[in-house]
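Close look at the chain arrangement
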Amino acid sequence: MHAFRNPLLTLLLWALFPMGCVETLITVRVFPDGRYAMEIFSQGDSLDIFNRDFPHPSDDNWSSTMDWRLQDEEMIWSMKSLAVLDGDNTFNISDLPGPVKHRIMVEKENHYLSTTYKLKQVFTGRRAFNKYPAFAKSLEGTGDSTKWISEVLLYITSQAMSDLQAGNYYRLEPILFERIQHSLQGIFSRVEEKTLFENLNRREIFIRTSFRPFAPNLPIGYIDTLISAMKKYEDERQITADLKDDAWIYRVLMPGIVTRTNADSIFGDTLKWQFRLDEFINDDLIISAESIEFSVKRVQILIISGFSIIIIFLTFWLKRKKSR
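Residues numbered from 1 in each chain as written. Predicted model: local features only at pLDDT ≥ 70, side-chain atom pairs only at ≥ 80, totals over all residues. Heavy atoms only, no water.

**Quick word on the pattern of salt bridges**
Under the criterion given, the structure shown has nine salt bridges. Its salt-bridge partner being D284, residue R127 comes within 3.0 Å of it at the nearest N-O pair. Of this pair, R127 sits in the loop between β7 (114–123) and α3 (128–131) while D284 sits in the loop between β11 (270–276) and β12 (285–294); the two residues are 157 residues apart in sequence, bridging distant segments of the chain. Judged by relative accessible area, which is 29%, R127 ranks as partly exposed. Taking the relative accessible area as the measure of exposure, D284 reaches 35% and is therefore partly exposed. (Salt bridge = Lys/Arg side-chain N within 4 Å of Asp/Glu carboxyl O. Helix = DSSP H or I, 4+ residues; strand = E, 2+ residues; numbered from the N terminus. Buried < 20%, exposed > 50% of the residue type's maximum accessible area, 1.4 Å probe, protein only.)

Structure representation (structure tokens):
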């Protein structure tokens, strides 16, 4: 718990220790009646499976099982969750910004000769380049692995301040709020990353020092409350870091003939997507597919009716021609 209450310390721990890896397979089978079965299967070590990165749904619609096996003398855990769903479902709805949020929408449209099915799955983008571009570049391997700490600290501090500003007790005067924000930008831009690391054990002193010029105008307990409010944004950044080495495979089976999709590959009646964090590190990742299933009986009736009309017309035409 101490690491969660110390954003700077958590940043250092992430920099020093590599993250694990989770592999997740999501399979969606759309039924002719418009409902769909969704199965989520994840495997990794215990820390990976039971962390907060990509939690499995856990409401009454879902049934889950867990198992483990030994692989190269290491214990590999797996979790499988299954549900039969209908319509539009959103997962990991929470005020917390950390866990991966995703939404699935399946529609069925009935027509006289056919039925069309539409599937859309959206993995909400982490918006990492919008929030802390240097950190996002480091995850992609295109930026410095440490020169993002001041940027991240400024973001989580500013977000926590905005949260307190939305309340009543810790609301600051707009001018004071802007002065503190501007001051923090200057402080964090001047402090070298090495200095931030060296001051990790004196984190509260560092924060309090930054706010000292404004202390007489701050509500009692403001800084302590601010540090607590920063936790959820540090959790969000940490989860984004943890997702770096994770991988997903997404499979869809649709009724009828697939007419449109952005799948990476199609094998028989199975559509397949493969992706990692870089696909939704900033923007939403959208998976889509459409299919059509014809009513054989109604098509046959239409064909027979058409031929019958043609035969009747020809018979009538021939009789009129002979009568002349």
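Still more to cover.
**As for a negative patch on the surface**
Taken together, the side chains of D45, D72, E73 and E74 present a region of like negative charge at the surface. Within the fold, D72 resides in the loop between β3 (63–71) and β4 (74–85). When its relative accessible area of 70% is taken as the criterion, D72 is described as exposed. (Patch = residues over 30% accessible without salt bridge, like charges linked within 9 Å, V, L, I, M, F, W, Y side chains within 5 Å. Areas by Shrake-Rupley, 256 points an atom, 1.4 Å probe, with all protein chains shown as cover. Lys, Arg positive; Asp, Glu negative; His and termini not counted. Charge placed at Lys NZ, Arg CZ, Asp CG, Glu CD.)

**Describing the packing of helix α5 (residues 149–165) against helix α6 (residues 174–190)**
Two numbers describe how α5 lies on α6: the axes approach to 10 Å, and their chain directions differ by 170°. With respect to α6, the axis of α5 lies roughly antiparallel. In the crossing of α5 with α6, the sense of the turn from one axis to the other is right-handed. Only F177, I180, Q181, L184, Q185 and F188 of α6 make contact with α5, whose side of the interface consists of S150, L153, L154, T157, S158, M161, S162 and Q165. Here the residues of the contact of α5 with α6 are counted per class, giving seven nonpolar, seven polar and no charged. (Axes fitted to C-alpha atoms, helices over the stretch in contact; angles between N-to-C directions. Parallel < 35°, antiparallel > 145°, perpendicular 65-115°, else oblique. Left-handed = near helix turned anticlockwise from the far one by under 90°. Contact = heavy atoms within 4.5 Å. Nonpolar A, V, L, I, M, F, W, Y, C, P; charged D, E, K, R; others polar.)

**A few points about the sheet that holds β4**
Strands belonging to one sheet form pairs held by backbone hydrogen bonds; the direction of such a pair is parallel or antiparallel. Across the sheet, seven strands lie side by side as β3-β4-β2-β1-β8-β11-β10; this open sheet has mixed pairing. Two strands in the sheet have a free side with no partner beyond their single neighbour: β3 and β10 (265–267). Averaged over all neighbouring strand pairs, the angle between strand axes comes to 20°, with direction disregarded. (Pairing = 2+ DSSP bridges.)

**Looking at the packing of helix α9 (residues 222–229) against helix α10 (residues 231–242)**
At their nearest, the axes of α9 and α10 sit 5 Å apart, and the two run at 25° to each other. As summarised for this structure, α9 and α10 are arranged roughly parallel, according to the angle between their axes. Contacts between α9 and α10 involve I227, S228 and A229 on the former and, on the latter, K231, K232 and Y233. Tallied by class, the residues present in the contact of α9 with α10 amount to three nonpolar, one polar and two charged.

**Quick word on the sheet that holds strand β5 (residues 88–91)**
Read across the open sheet, the five strands follow the order β5-β6-β7-β12-β9; overall the sheet is antiparallel. Pairing within the sheet leaves two strands with one partner each, and these edge strands are β5 and β9 (257–261). Taking each pair of neighbouring strands and ignoring which way they run, the sheet shows an average axis angle of 15°. Two strands pair when backbone bridges link them, and β5 and strand β6 (residues 102–110) are joined in this way by four bridges, in the antiparallel orientation. Bridging across to β6, N89 finds its partner in I104.

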